[in-house]
Amino acid sequence: MTYALSAAKLQTYYRCPRAYYFRYERRIESAAFFGSAVLGTSLHQALAQIYQDWHYQDAIPRLDWIEYCWSQQTPSLTSNQINEGRSILSRYYQDFIANQSAMRKPLAVEGRIQGTLQAENLEFLLSGRYDRLDFLDDGLELIDYKSAKEVDYAEPDEIDLQIGLYYLALEQRYQRQLKRMSLLFLRTGEKISFEATPQHRQRVEEVICKLAVELRQDQRWPPFPSNQCDRCSYGRYCPAMRSDPEPMPEDTKPQQGLQLVLSI
Ligand code: SF4
């Protein structure tokens, strides 16, 4: 049996093992995040279509191709959202397509990658999603579109973990190295790129080994208090926050037995 791990799970564990325990081992729901994700989803789908369905017989598409793709993704949007999305994609076209000599066909769009890693006799199934995967001359570039108004910038250590996880999974899937992970901020036209190296993979392997020891042996899940505690939904159950923490809710998932995560 394998233990599923995503970049988000790994980052949570790295930030605070106790929060990881509450969220993923005991499945206590955290405060729901209510935001309008509909526009972001439509933008991601339009961008996937722009690259996936283009015929690539001309060097670059005209703006009306972008507008056509957008028109295919708007049925559930308000007229304000449709206008906002159109102007975001026009900016994208100017910043990332019109100024290129040619639009290159990506290796894949809106995909999911998986890889595996063995640690402490546990098999971890690593999975992640990406918006676009481009060929470079010497490897791969993973593109992540950011469409939110309020961008939650991850800490550098957390970005490194995400890069390492993708590095590992892409190497297994394509036998090619991840050279870069790039964040494209659709509302500002900004692109931030991070170089990927074998050290990122090594770092991820180290953190996963620590998690494996926690699962197999320790089961201590130490709290790691920091300024994130102000936004943590689990403060009332957390021994680092209260000398007398509340008991976990009755419908909490039972403590997982070790045999459930052993590789067989
Ligand atoms: S309150 Fe702080 S220390 Fe406790 S679980 Fe949340 S993040 Fe971790």
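Further up the page is the structure itself.
Residues numbered from 1 in each chain as written. Predicted model: local features only at pLDDT ≥ 70, side-chain atom pairs only at ≥ 80, totals over all residues. Heavy atoms only, no water.

(A) Here's a closer look at the overall build of the chain. Scanning the chain for helices and strands turns up 7 helices and 6 strands. Starting at the N terminus, the α and β elements of the chain follow one another as β-α-α-α-α-α-β-β-β-α-β-β-α. The principal-axis extent of the C-alpha atoms belonging to the chain is close to 60 × 40 × 30 Å. Relative to its full complement of 264 residues, the chain shows a buried share of 42%. Residue pairs in contact within the chain that sit at least 24 positions apart in sequence constitute 69% of those at least 6 positions apart. Summed over all atoms, the accessible surface of the chain reaches about 14500 Å², with 47% contributed by carbon and sulfur. Each charge sign in the chain was given a centre, from 31 positive and 35 negative side chains, and these centres are 2 Å apart. (Helix = DSSP H or I, 4+ residues; strand = E, 2+ residues; numbered from the N terminus. Buried < 20%, exposed > 50% of the residue type's maximum accessible area, 1.4 Å probe, protein only. Contact = heavy atoms within 4.5 Å. Areas by Shrake-Rupley, 256 points an atom, 1.4 Å probe, with all protein chains shown as cover. Lys, Arg positive; Asp, Glu negative; His and termini not counted. Charge placed at Lys NZ, Arg CZ, Asp CG, Glu CD.)

(B) Representation of the packing of helix H1 (residues 7-15) against helix H6 (residues 156-174). With their axes 9 Å apart at the nearest point, H1 and H6 run at an angle of 140 degrees to one another. On the basis of the axis angle, H1 is oblique to H6. In the crossing of H1 with H6, the sense of the turn from one axis to the other is right-handed. Residues Ala-7, Leu-10, Gln-11, Tyr-14 and Arg-15 of H1 pack against Asp-157, Glu-158, Ile-159, Leu-161, Gln-162 and Leu-165 of H6. When grouped by side-chain class, the residues that make up the contact of H1 with H6 number 6 nonpolar, 2 polar and 3 charged. (Axes fitted to C-alpha atoms, helices over the stretch in contact; angles between N-to-C directions. Parallel < 35°, antiparallel > 145°, perpendicular 65-115°, else oblique. Left-handed = near helix turned anticlockwise from the far one by under 90°. Nonpolar A, V, L, I, M, F, W, Y, C, P; charged D, E, K, R; others polar.)

(C) Broad picture of the pairing of strand E2 (residues 108-119). Sheet topology note: the E2/strand E3 (residues 122-136) ladder contains 11 bridges and is antiparallel. Paired with Ala-108 across the strands is Leu-133, a residue of E3. As consecutive antiparallel partners, E2 and E3 are separated by 2 residues, and within that stretch Glu-120 has a phi angle of approximately 50 degrees, a positive value. (Pairing = 2+ DSSP bridges.)

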